[in-house]
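Examination of the molecular architecture
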Amino acid sequence: MKKVILTLIAASISVVLYAQKISVKGSDTVLPLTQKVAESYMKKNAGSSVTVVGGGSGVGIAALMDNTTDIAMSSRKIKMDERLKMQDAGRAYKEVIVANDALAVIVNNSNKVSQLTREQIEGIYTGKIKNWKEVGGEDMVIVIYSRESSSGTYEFFKDQVMARKNYASNVLSMPATGAIIQSISQTKGAIGYVGLAYLNKEVKALSVSYDKGKTFVSPSLENAKNKSYPVVRPLFYYYPTAKEKQVMPFVNFILSAEGQDFVSKVGYIPVK
Amino acid sequence: MLNIEGIVKKHRGTFFATNPANMQLKSFILIFVLFTINLKAQEPELNPFDTLASNVAGINSKIDALNRFKFSGYIQTQFQVADSAGQASFASGDFRPGVDKRIAVRRGRLKLTYNSPANDKGISTSQYVLQVDVTERGVGIKDAYMLLTDKWSGWIQLKAGMFDRPFGNEIGYSSSQRESPERGRMSQILFPGERDLGASLAIQGSKTSNWNWLRAEGGLFNGTGAPSFNADATDFDKKKDFIGRISANKSSASEKIKYGVGASVYNGGFRADNDTLYAISKDANGNKTFMIEQNSFKGHYAERKYTGVDGQFSIDWKPGITTVRAEYIQGEQAGTSSSTSSPRAAVTSNIYKRKFNGAYFYFLQNLGASPLQLVVKYDWYDPNTEVSKDEIGISAANGTKSTGIADIRYDTWGFGMIYRWDSNVRITLYYDMVKNETSRNIPDASTRPTYMKDLDDNVITLRLQVKI
């Protein structure tokens, strides 16, 4: 009996010791995907533990530098300043694209406007266009929502949609994508942008034209896949080379057919 | 939930079996007690989630307050071997007589930073910074300044106190990050201690602005530099020195290249406490020596005027990140016959005016994704560009003064390797090869070696650094 108990205790200790513990931190855009994949991964790998926390791409990469996360999720490429800091910290890292994401411009469901050109969106976000009637809508002040500057989505939107122009000073910064959805669903004149995975019936997604109004394309998985929808970006995982053995099972899982199936289900575009 | 009826019944005998006056008082007490019990009974009970949320909110608020304080610092311990005992050196200072090997704590820094809570525009409008340095040489204050940021745009910042002079790139580059053990000879001579007491105004676009890449800064400083361990840096004249700098930093769209350029100007000086100002000119024999430029110079101001340009470039490519940094400074420096170092205290000897120039170049190559970095550095400092080689030290005609060792040019090559143990620890092995200008007119003397040949003054440094 004693032997059995001792064996069981030893086995339990071994399981605990060898249990995979992975912490993932960063982009709120990648968050829902990683959460789903982590749930499935933990079910399949008894004893493994994957902790997933958001906060924004910048927060995730900073955590990677500080060694407080094993994987940083990012909706933008690591910046040169961050590369230099990683080098200074002696932290070699690897980059993996786990999915692609389309960014949707959203308004309140009651808004009659259903499409905008890139130039019009730029005008709204830089503060040149202040009223919906200027873009074919009602006589209603435009309330602009954005993500915080630490967000990769914030920077991607600025680079790709606003042609690197500056955000207007009256833009309301929200700490998370969920907060943008909620605010827009409750504010008649609101406009914002979110990853495709966050789209729901509470808000209306606008079709966008990148050829000055000749063709408008709606943000859908299909249009993103066939590349007719232009606002698409890669989503990254960054992890330290020193932790490759520890994190690779999870990274391989998200890149597997099963993992990429989650990518589609969550509303992103698979890389494989 | 409370059995009020039971309580009343239980106390009926006690409360009501007395006289009417007492009865009134007791009735009042009873009503009060019951009312109190009833009130307590009506307090809503929080469900566990609300309690947890409330606790988390409380903890978050405390963490937010603590996050406004930041402690950082580093300790550098090093072992150095010099070519010759007691040699003069710019690799962490002169070696003491008879010493050619030494172990020293070069820096023992602890820095406290406090940022005020962000306002509704996300701008922290004030910052407090205090940094001390504790080594075997004593305790010194390195930084003590406040930083005030305008609360409307975050574009304008006022800095006041003791802090790095905003000149060039190497001065403000922390030695915890710098790849060579020391700054170049020129930086150490022109800006001893790097810091000064003053106030500066900086304009730079906020992080989210399209103009964030451009920065302009200018300020007035005592010019005496920061205090050393042995002396304070209280200003000794009423003239304040102006330092201005404009710089630009950008990254490529691919975020694989970063580059920056800057231009700086220094316009200052110090009061002369002796009568004569000397400058280089040809004497009666046709030799370049120091001749009197102005008598009765006492009380006048000796000029320090520098202009500098600097550039930085980094690229992340297959061999690893490559960085090149360079800076060139030229100008006019007032000093003494034996030194061109910027004075920290009143100068009571005659003043010698010199035109100088100098530069440094860093080539840094990270070896792939490894924690190893190769360092190659070259710097020169020519304290007197008007004389060179055998012109230096030549006998002066009557009424003039000879040039000397303070006019010797130095060229230094540095080769090193950095190993980053982890994100806190790094080990540096570095070799300084110092080459001085030679002159047959500066032979051996009791107080110094001969400058007729290159001095034996190379240094090997092995440094261990822990940064927190």
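Residues numbered from 1 in each chain as written. Chains lettered and ligands numbered in written order. Predicted model: local features only at pLDDT ≥ 70, side-chain atom pairs only at ≥ 80, totals over all residues.

**Regarding the overall build of chain B**
Helix and strand counts for chain B come out as four helices and 18 strands. Per-residue burial over chain B gives 30% buried out of 468 residues. (Helix = DSSP H or I, 4+ residues; strand = E, 2+ residues; numbered from the N terminus. Buried ≥ 20, exposed ≤ 12 C-beta atoms within 10 Å, placed from the backbone.)

**Digging into the domain arrangement of chain A**
All names here are of chain A. Domain assignment breaks chain A into domain 1 (19–100 + 234–266) and domain 2 (101–225). Put simply, the middle of domain 1 and the middle of domain 2, counted by C-alpha atoms, are 27 Å apart. In this assembly, 17 residues from domain 1 lie in contact with twelve residues from domain 2. Secondary structure elements with two or more residues in the side of domain 1 that touches domain 2: helix H2 (31–44), helix H3 (57–65) and strand S4 (93–108). With three residues, the single largest contributor to the side of domain 1 that touches domain 2 is H3. (Domains from an automatic or database assignment. Contact = placed C-beta atoms within 7 Å.)

**Quick look at the interface of chain A and chain B**
Quoted interface sizes are often the accessible area lost when the parts come together. Across the boundary between the two partners, chain A contributes 20 residues, which contact 22 residues of chain B. Along the lines of polarity and charge, the residues of the side of chain A that touches chain B split into six nonpolar, six polar and eight charged. (Nonpolar A, V, L, I, M, F, W, Y, C, P; charged D, E, K, R; others polar.)

**Some remarks on the domain arrangement of chain B**
Each domain of chain B was delimited in the assignment, giving domain 1 (4–42) and domain 2 (70–467). The straight-line distance from the C-alpha centre of domain 1 of chain B to that of domain 2 of chain B is 84 Å.

**Some details on the environment of Asn170 of chain A**
Residue and element names in this part refer to chain A. Among the structural elements, Asn170 can be located in the loop between helix H6 (152–160) and strand S7 (172–174). Classification of Asn170 by C-beta neighbours within 10 Å gives exposed; the count is 10. For Asn170 and Tyr145, which are 25 residues apart along the polypeptide, the C-alpha to C-alpha distance reads 9.2 Å.

**Side note on unusual backbone geometry**
One non-glycine residue, Asn67 of chain A, lies in positive phi territory at about 65°. By the secondary structure assignment, Asn67 of chain A is in the loop between H3 and strand S3 (71–74). We classify Asn67 of chain A as partly exposed; it has 15 C-beta atoms within 10 Å. Unlike most non-glycine residues, Ser296 of chain B shows phi in positive territory, near 50°. With 9 C-beta atoms packed within 10 Å, Ser296 of chain B lands in the exposed category.

**Focus on helix H5 (residues 118–126) of chain A**
Residues and elements named next belong to chain A. Burial in H5 covers these residues: Arg118, Gln120, Ile121, Gly123, Ile124 and Tyr125. Considering only its buried residues, H5 is in contact with S4, strand S5 (115–117), strand S6 (143–147), strand S8 (190–195) and strand S10 (207–209). Gly127 lies just past H5 and shows a positive phi near 95°.

**Some remarks on the pairing of strand S15 (residues 372–382) of chain B**
Consecutive residues of a regular strand have side chains that alternate between opposite faces of the sheet. Residue and element names in this part refer to chain B. The pairing of strand S14 (residues 351–366) with S15 spans ten bridges and is classified as antiparallel. Across the sheet, Asn366 pairs through a bridge with Gln373, a residue of S15. Where S14 hands over to S15, the hairpin turn is made up of five residues, of which Gly368 adopts a positive phi near 60°. The sheet contact formed by S15 and strand S16 (residues 410–420) spans ten bridges and is antiparallel. Note that in S16 the partner of Leu372 across the bridge is Tyr419. (Pairing = 2+ DSSP bridges.)

**Observations regarding H3 of chain A**
All names here are of chain A. Taking burial as the measure, the nine residues of H3 include seven buried ones, the bulk of the element. Ser57, Gly58, Val59, Gly60, Ile61, Ala63 and Leu64 are the residues of H3 that are buried. Phi turns positive one or two residues past the end of H3, at Asn67, with a value near 65°.

**Section: the nonpolar core**
The biggest cluster of nonpolar side chains holds 75 residues, and the ones touching the most others in it are Leu33, Val105, Ile106, Tyr238 and Tyr268 of chain A. Here this core gets nine residues from one element, more than from any other, and that element is S4 of chain A. Filtering out sequence-adjacent residues up to four positions away, Tyr238 of chain A remains in contact with Ile61, Leu64, Ala72, Ser74, Ile78, Tyr93 and Glu95 of chain A. Membership of the second largest hydrophobic core comes to 39 residues, among which are Leu190, Tyr381, Val387 and Ile405 of chain B. (Core = buried A, V, L, I, M, F, W, Y, C linked by C-beta atoms within 7 Å.)

**Considering the packing of H2 of chain A against helix H10 (residues 257–266) of chain A**
Residue and element names in this part refer to chain A. Here H2 crosses H10 at 140°, and the two axes come no closer than 9 Å. In terms of orientation, H2 and H10 fall into the oblique class. The handedness of the crossing between H2 and H10 comes out as right-handed. Between H2 and H10, the contacting residues are Pro32, Leu33, Lys36, Val37 and Ser40 on the first element and Gly259, Phe262, Val263 and Val266 on the second. Considered class by class, the residues forming the contact of H2 with H10 number six nonpolar, two polar and one charged. (Axes fitted to C-alpha atoms, helices over the stretch in contact; angles between N-to-C directions. Parallel < 35°, antiparallel > 145°, perpendicular 65-115°, else oblique. Left-handed = near helix turned anticlockwise from the far one by under 90°.)

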